[in-house]
Amino acid sequence: MRLTKFEHSCVLVDDGDARILIDPGGFSHGFESLTGLTAVLVTHQHADHLDVDRLPALLAANPDATLYTDAASAAILGESGIAATGVQPGERLHVGTSVDVFGGQHAVIHPDVPVIPNVAYLVGGRFLHPGDSFTIPDVDVEILGLPTAAPWLKLSESADYLRALTPNVAIPIHEALLAVPGFFYNLYEKLAPEETELRVVAPGGTFEA
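Residues numbered from 1 in each chain as written. Predicted model: local features only at pLDDT ≥ 70, side-chain atom pairs only at ≥ 80, totals over all residues. Heavy atoms only, no water.

*Asks:* Even after reading the chapter, I still don't get the nonpolar core, so can you show me in this structure?
*Replies:* Taken as a class, soluble globular proteins show a tendency for nonpolar side chains to be buried jointly. Judged by nonpolar contacts, the single largest core of 25 residues is most densely connected at Leu 3, Val 13, Ile 20, Leu 41, Val 99, Phe 127 and Ile 143. Mapped onto this core, the elements with two or more residues apiece are β2 (11-15), β3 (18-22), β4 (39-41), β8 (98-105), β9 (117-123) and β12 (169-173). Among the nonpolar cores identified, the runner-up in size contains 20 residues, and Trp 152, Ala 159, Tyr 161 and Leu 162 belong to it. (Core = buried A, V, L, I, M, F, W, Y, C linked by side-chain atoms within 4.5 Å. Buried < 20%, exposed > 50% of the residue type's maximum accessible area, 1.4 Å probe, protein only. Helix = DSSP H or I, 4+ residues; strand = E, 2+ residues; numbered from the N terminus.)

Structure (structure tokens):
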């Protein structure tokens, strides 16, 4: 499995015959020229995870890729003339490798902010991308995309999430709101379980496992 990290929550996963792009959002760059994709996965409708303006060109350059999103995002995209397949927790997708769908809801930002759907994806039985959630699957997680900073989380909550899952490797994602992300990375490294390696992947960088 080869992971290529773009800014924020956008990750490319190459695994066997699969080439999967997750969360091509408005804070991410570098994914626009990708080709050979077998699937594009979107966790939820927020613009930092789903860039509706750049998505059509990406799909046009990847005619064999199926777009999968949570059901609410699929409805929104349909209004823009973009065909997407809505998925629900408990489903398994076959896109060159297995993708198991977990989660269901976005983490709470504030009681006055409506909670929207959010799905988490476990790719190849190894890499979990939780979107904007602290979803804990009922299976072991080897590689975790660790949410780093957001309006819906405190560092202590994300550190507890890391400890609860205890992955072999945690790769920070959702960092674009931070001016100095290294400060947070250092804290997560100190707070991580002994079994977990925190691996910071720079935009455009890769991690192989």
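*Asks:* Explain the sheet that holds strand β5 (residues 66-70) to me, please; I cannot follow it from the model alone.
*Replies:* Neighbouring strands of a sheet are bound in pairs by backbone hydrogen bonds; such pairs are parallel or else antiparallel. In space, the seven strands of this open sheet follow the order β6-β5-β4-β3-β2-β1-β14, with mixed pairing throughout. A single partner strand is all that each edge strand has here, and the edge strands are β6 (85-87) and β14 (206-208). Pairwise comparison of adjacent strand axes, ignoring direction, gives a mean angle of 20° for this sheet. Note: strand β1 (residues 2-5) against β2, four bridges, orientation antiparallel. Bridge pairing in β2 links Thr 4 to Leu 12. Of the strands in this sheet, β5 and β6 are in contact with helix α2 (residues 71-79), which crosses β5 at around 120°. (Pairing = 2+ DSSP bridges. Axes fitted to C-alpha atoms, helices over the stretch in contact; angles between N-to-C directions. Contact = heavy atoms within 4.5 Å.)

*Asks:* Is there a simple way to think about the side chain of Asp 100 in this case?
*Replies:* Counting through the fold element by element, Asp 100 comes out in strand β8. A polar atom in the side chain of Asp 100 sits 2.7 Å from the side chain of Arg 92. Contacts of Asp 100, omitting those with residues within four sequence positions, involve Glu 91, Arg 92, Ala 120, Tyr 121 and Leu 122. (Polar contact = N/O pair within 3.5 Å; in protein donor to acceptor, adjacent residues only side chain to side chain.)

*Asks:* Would you mind going over the pattern of salt bridges with me for this structure?
*Replies:* One side chain can pair with another of opposite charge once the charged atoms of both are near each other. Inspection of every chain in the model, using the stated rule, returns eight salt bridges. In this structure, Arg 2 and Glu 208 form a salt bridge, with 2.2 Å as the shortest nitrogen-oxygen distance. Residue Arg 2 is located in strand β1, and its partner Glu 208 is located in strand β14; the two are separated by 206 residues in the primary sequence. With relative accessibility at 34%, the residue Arg 2 sits in the partly exposed group. Ionic pairing is found between Arg 54 and Glu 32, a salt bridge with its closest N-O pair at 2.3 Å. Placement of the pair is Arg 54 in the loop between β4 and α1 (55-61) and Glu 32 in the loop between β3 and β4, with a sequence separation of 22 residues. (Salt bridge = Lys/Arg side-chain N within 4 Å of Asp/Glu carboxyl O.)

*Asks:* Explain the environment of Ser 158 here, please?
*Replies:* Along the chain, Ser 158 falls in helix α3 (residues 155-165). Setting aside anything within four residues of it in sequence, one finds Ser 158 in contact with Phe 134, Leu 146, Pro 147, Leu 153 and Tyr 188.

*Asks:* Could you clarify how one ought to interpret the packing of aromatic side chains in this entry?
*Replies:* Here the distance between the centres and the angle between the planes together describe a pair of aromatic rings. What the rule picks out here adds up to three aromatic pairs. Centre to centre, the rings of Phe 134 and Tyr 161 are 5.2 Å apart; their planes meet at 55°, and the pair counts as tilted. On the criterion of sequence distance, the pair formed by Phe 134 in the loop between β10 (127-129) and β11 (143-147) and Tyr 161 in helix α3 is long-range, its members being 27 residues apart. (Phe/Tyr/Trp six-rings, centres within 6.5 Å; stacked < 30°, edge-to-face > 60°.)

*Asks:* What is the right way to look at α2 in this model?
*Replies:* Every α-helix carries 3.6 residues per turn, so stepping three or four residues along brings you back to the same face. Those residues of α2 lying buried are Ser 73, Ala 74 and Leu 77. An end-on view of α2 places all buried positions within 105° of arc, on one side of the element. Downstream of α2 by one or two residues, Gly 81 has phi in the positive range, about 80°. (Arc of directions from axis to C-beta.)

*Asks:* When you look at the pairing of β3 in this model, what are you seeing that I'm missing?
*Replies:* Within a regular strand, the side chains alternate between the two sheet faces. For β3, the tally of buried residues reaches four of five residues, placing the bulk of the element in the interior. Linking β2 back to β3 in an antiparallel pair, the connection comprises two residues, with Gly 16 at a positive phi of about 65°. Looking at chain direction, β3 and β4 are connected through three bridges and run parallel. Across the sheet, Ile 22 pairs through a bridge with Leu 41, a residue of β4.

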